Structure formats: C-alpha cells, structure tokens
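Structural overview
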Amino acid sequence: MDPSQFIAPMLAMTAERPFDSPDWWYEVKWDGYRALIHHQDRLKIFSRRGQDLLAQYPELQHLQDVIPHHTILDAELVAWVDGHPSFSALQRRLAVPHLIMAFDCLYSQQRWLLHEPFSQRRLELEALLPVPNEYLVVPSGVQGTGLNLLQAVKQQHLEGVVAKRLDSRYIPGKRVPSWQKFLITQRAWFETVAITRLKSGGWQWWIADTGGRPPIARLPAPAGWDRVPTEGHLLTHPIAVQVEYRSRTEGGMLRHARIRQWRES
Amino acid sequence: MRSMYKGTLGFGLVAIPIQLYKALSDESVEIHLIHRTCGTRIKYQKTCPHCDLEVARADIGRAAPLPDGRMVVLPDVPPEPKSSDRTVSILSFHALSEIDPVYYYQAYWIRPGAGGLKAYVLLRDAMQSAGQVALADFTLRQRRRLAVIRPFGDWGLMLHSMHYPEALRSETAFEKDPAVPLTVKERHLAQQLLAHMQETFVPASFPNQERQALLAQIEELVPNARTPASNLEASAEVQDLMAQLKASMAKRTQGQTNGGTS
C-alpha cells in the first residue's frame, strides 16, 4: 500500500444501547468532518470520501510542522466556537479556529499499524504527539467506563461517545461492530418559518415541522447566518434547517435543541 | 478634532497664526480586507518580481518612465521639510464666481492660532463686506498647491486646496459636436422645463443613501461580530473541556462508591 494514497476510514456502528466493558475504550465523539491526514513528503488531508480537505481549509497546512513525516492519522476536523465544536461554522468555513482531534494512527515511522490492536495504535499516537498544540489535539479517553463518560458528555452538550474494542484492528472503509457510537442526540430536518429579534440584539429562528405549524422550537440564529430579514419576520420561503435534539415533549416541542446546519433556497 | 497643519496666513505685511482642519469627513465606511478562512487582515507586501524577494522600505526608489521604455531615477525625497515653509501666502483677491469649481480639491477649516483671532476676524469681515475671496498658495504634505480662502457660514474661513489650472484637460481632446439646428420652440420648451424644476438647494435633502445603507447593514450584523480566529485559545478550551469531563466523571464515580445515585 502506498502511504500517500487515500485510505477510506473505518466507520462505527450505532450501538443498540450504551454499555460498559473493561475490554473497550471510550472517547468523545466530535461533530465535524472526518479527516485522514497523510504526511509523506508533503501534507495531504482527505475527507471521509477522499476529497481534498486542505484545499478547502488551507490553514490546515500548519499541520506539516506538527505531524512528523511518514505518518497517517485518523481524526476529526472541527470548527471551534464558544468552547464547543460547531458543525455549521465548519460547513460555512467561518472565520473561527479549526482544530484537528486526532484519535488513531495508521502509519508511523514508515510502518503500517493497521494490523496492530487499537490499544497499541493509541499508544503510538500519544507517543507521536505528546504535547497538545494550536492546531492538533489528541483528546484523552477512558477504558471501561463508557456510561460515565456518556453522562459527562451529555452534561457538556457534546454529540456522543465512540466505543472501540481495545484489541480491534483497523479495517479501512468498513462499518464494523468493534467500533460503536453512543449518540445523545437525534437529527432531523425542519423548517424555519419565522425570524424575530431578541432584546439582546441577536436573531431567533422559529422552527416548525416541515409543512406544519405551530413552531416546535425557538433557537438562536446560527453563527454565519448574515441575511437580515428586510420586511416582516414571517418567511415566505422557509429555511431548511437540520436540528440536533435529545427528545420531543408530549406537545412535540424539541428538547435541548440546536441548529446543526441549514440551507437557504 | 486634530489640526493637520499649523502655520501662518500671510496677508501683505500681516502674518496671522492659523491651524487647518479637514472640513469634509471621509465618506467611505472603514472596511478591512480579510482572509475569509481565519478572519485575519490581509497584508500587502512590496515585492520585486525580478529578484523574487520582499523589498525593504529603504530599498524602494522612485523613477519616472520615459515613452521609449527607459526610466529616469529620481533622487530621494528629502525627509519632511522643517517648518521652513509653513505659510499660506495670499496672492490676490477675486470674486468667487471667477474661479471655476472644477479646480477645487479638498476643503479645510481655517481657525486662528494663538494670538491670531483679531487679524483673523478682520480679514474675514473685510472679505465678506467686499464680496471677495483670496487666492493663495501653500505647501501641504510636501506638495505646493493653490488655494482659495473664503468666508464660510457665519463665523469661519474655509480654505479650498486646488488643482493647478494646467491640470484641466482641454475640451479639444474631443471631436467638436456637429452643428445641431434647434427651433425656438424647442429652446422655449427646455427653458420652461428648467424653470419648472428650479428649487432652492437644501443640503440636508441629499443624504448619502449608499453609505447609510452600508452602516445600517453593519449595525444589523453586530450581533454576529466575531474576533479573528485564535487557535491557541481554542486548543486551550479543548483542554478545559476535557478537564471538565474528567471532573464530572470523577464526581459521579465518587457518588457511586458512597452509595449515592447520580
């Protein structure tokens, strides 16, 4: 295999229910773009489907000074807004910091690690990048106590937890049971039907089920939305909006909702 | 307001200490060019494409190109002349209507400097009652310029810096209009229309709508304002977040060992 060529990332299945096990490693699931970082002679960053992320986020070029040559990392690219990852900021390429959350090492010191168990690859990763820096972080994880981490992640309003069998190999391009994700939130597409101004000066979106009234959530307008309604605040052309939420009340209202992305027609 | 020029106004044997203030505010809204991805202001570099390097200020010279492709390298401009020529010298007096507005360049308020008030008021009142304006010359930012000085409003003097008359491009650069026969009726109609549209000029009725729209847009977007990206901070925030996760896990573990529920 040529270490400068794209390797399709290994994917996690959604767990039937969250679990604790001493044979598993648990880490935070970051909401961003999957990024495979190859540093051979020069730096290449591939998306989940093998597209060139470096072209879209040229500031990631800094990683060439951080990651040693002859290395392939598996990671998530996130946009960082107010102490949390923001998917919509990432998608809109807003002027916010972009960070690489590295979680696996597939190739190091001219040696393939795909057949090594995850626990070994994790050690290699930590040894390779012992100090966190401006552009790349190796977030820590825990062994055995997935449910506890899931609760903590919930409190911090993060997306979920990824569980990895400590003895699992890296199988490129496959969705495998040795990696499982515990999701806290659900995602669905709705419509923004109205926009109002808050006393604080910010804008608020009124979200409704597609084709239906009444509103089921009122959420702060996402960063990067800079179209200002000129007249009236009832939209004649609703904005399609993907919302992440934990659950719905009996009345159908969204609980713990936040906007993940949106499309203006 | 900061004065941009301190000097004297020379009027015959009289020298009036004066200060100049820019009379017109910059109409354009301050806008920076940024790199979209990180929000950092972009920087201009002076580079030499021949040597392929950035050129230091000390290595930048001035040259005038000749039509044949050669160039004349000019000597370095001497550093800021001392206050040697800080005089606005009045050359002559004219009726304002003699001076065509085409020559006007910038406008400055003239205010009297220390001890100059009496002479200032005297000159202003004399021009006002004679219905005359002064033609003067002075040096501003190392450039010699003509200027018109005139009473403005109720209590001030205004200085208009001017282009030199020779800067005006001649009409002869264009082809002469062919003779156009106009009927009396047509002339009459045009004059009627003109008379119909005649009104008093009220400056306040001509706001700069484009500028106001831009300012309104900026105002609306203030809630979305962001500071330029700092990766260092973001990376520190990730560490904070991880520490909080750890703390909240530890708390829960402790609660369980103590027999509590969480």
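This text gives an overview of the structure that appears in the document. (Residues numbered from 1 in each chain as written. Chains lettered and ligands numbered in written order. Predicted model: local features only at pLDDT ≥ 70, side-chain atom pairs only at ≥ 80, totals over all residues. Heavy atoms only, no water.)

With respect to the element layout, threonine 185 of chain A can be found in the loop between β12 (175–183) and β13 (186–197). Among residues more than four places away in sequence, those in contact with threonine 185 of chain A are Glu159, Glu244, Tyr245 and Arg246 of chain A. (Helix = DSSP H or I, 4+ residues; strand = E, 2+ residues; numbered from the N terminus. Contact = heavy atoms within 4.5 Å.)

Looking now at empty space enclosed by the protein. All names here are of chain A. Tallying each qualifying case throughout the model produces 1 cavity of 30 Å³ or more. When its volume is computed, the largest cavity comes out at roughly 50 Å³. Lining the largest cavity, in full, are Glu27, Val28, Trp30, Phe103, Arg122, Pro139 and Ser140. Looking at the lining of the largest cavity residue by residue, the class counts come to 4 nonpolar, 1 polar and 2 charged. (1 Å grid on protein atoms, 1.4 Å probe; cavity = no way out; pocket = protein on both sides within 12 Å on 5 of 7 lines; lining within 4 Å. Points joined across faces, edges and corners; volume = space filled by probe spheres on them. Nonpolar A, V, L, I, M, F, W, Y, C, P; charged D, E, K, R; others polar.)

What follows deals with the pairing of β13 of chain A. Regular strands show a simple pattern: their side chains alternate between the two faces of the sheet. Residue and element names in this part refer to chain A. Here β13 runs beside strand β16 (residues 234–245); their pairing, made up of 8 bridges, is antiparallel. The residue of β16 that forms the bridge with arginine 187 is glutamate 244. Note: β13 against strand β14 (residues 203–208), 6 bridges, orientation antiparallel. The partner of arginine 197 across the bridge, within β14, is tryptophan 203. Hairpin remark: β13 followed by β14, antiparallel, with 5 residues in the connecting loop; positive phi at glycine 201, about 105°. (Pairing = 2+ DSSP bridges.)

Another point: helix α3 (residues 118–128) of chain A. Residue and element names in this part refer to chain A. What α3 keeps buried is the set Phe118, Arg121, Arg122, Glu124, Leu125 and Leu128. Take α3 and look down its axis: the buried residues cluster within an arc of 160°, on one side only. Looking at α3, the residues exposed on the side facing more than 90 degrees away from the buried face are Leu123 and Ala127. (Buried < 20%, exposed > 50% of the residue type's maximum accessible area, 1.4 Å probe, protein only. Arc of directions from axis to C-beta.)

What follows is about the environment of glycine 32 of chain A. All names here are of chain A. Mapping glycine 32 onto the fold places it in the loop between β2 (21–29) and β3 (33–39). By relative accessible area, glycine 32 is classed as buried at 12%. Expressed as a C-alpha distance, the spacing of glycine 32 and alanine 89, which sit 57 residues apart in the sequence, is 9.6 Å. When near neighbours in sequence (up to four residues on either side) are disregarded, glycine 32 contacts Glu76, Leu77, Val78, Phe87 and Leu90.

Another point: the interface of chain A and chain B. The partner chain B presents 27 residues to the 43 residues of chain A that form the contact. At the boundary of chain A with chain B, total buried surface from both sides reaches about 2,800 Å², with 61% on carbon and sulfur atoms. In this structure, the connection of chain A to chain B is made through 1 salt bridge. The salt bridge involving glutamate 220 of chain B is made with arginine 197 of chain A; its shortest N-O contact spans 2.6 Å. Linking chain A with chain B are 11 residue pairs in polar contact (both at pLDDT 80 or more), by the criterion used here. Mapped onto the side of chain A that touches chain B, the elements with two or more residues apiece are β7 (98–108) and α4 (146–155) of chain A. Considering every element that reaches the side of chain A that touches chain B, the biggest residue donor is α4 of chain A, with 6 residues. (Buried area = accessible area lost by both parts, 1.4 Å probe. Salt bridge = Lys/Arg side-chain N within 4 Å of Asp/Glu carboxyl O. Polar contact = N/O pair within 3.5 Å; in protein donor to acceptor, adjacent residues only side chain to side chain.)

A few words now on the pattern of salt bridges. Residue and element names in this part refer to chain A. Inspection of every chain in the model, using the stated rule, returns 20 salt bridges over all chains. Two residues, arginine 248 and aspartate 209, come together in a salt bridge whose shortest N-O distance is 2.9 Å. Placement of the pair is arginine 248 in strand β17 (residues 247–248) and aspartate 209 in the loop between β14 and β15 (217–220), with a sequence separation of 39 residues. With a closest N to O distance of 3.8 Å, arginine 260 and glutamate 244 form a salt bridge. A residue pair is termed long-range when its members are at least 10 positions apart, and arginine 260 in strand β19 (residues 258–263) and glutamate 244 in strand β16 qualify at 16 residues. Each member of the pair, arginine 260 together with glutamate 244, is buried.

Moving on to the nonpolar core. Across soluble globular proteins, nonpolar side chains have a tendency to be buried as a group. Of all hydrophobic cores here, the largest spans 29 residues; its most connected members are Ile37, Ile45, Leu63, Leu73, Ile100 and Leu136 of chain A. Sorting the residues of this core by element identifies β3, β4 (43–46), α1 (53–56), β5 (71–81), α2 (87–91), β7 and α3 of chain A as the ones contributing at least two each. Counting residues per element, this core draws most heavily on β5 of chain A, at 5 residues. For leucine 73 of chain A, the contacting residues outside a window of four places in its chain are Ala35, Leu36, Ile37, Ile67, Ala102, Asp104, Cys105, Leu125, Leu128, Leu129 and Leu136 of chain A. Membership of the second largest hydrophobic core comes to 25 residues, among which are Leu150, Leu158 and Ile184 of chain A together with Leu245 of chain B. (Core = buried A, V, L, I, M, F, W, Y, C linked by side-chain atoms within 4.5 Å.)

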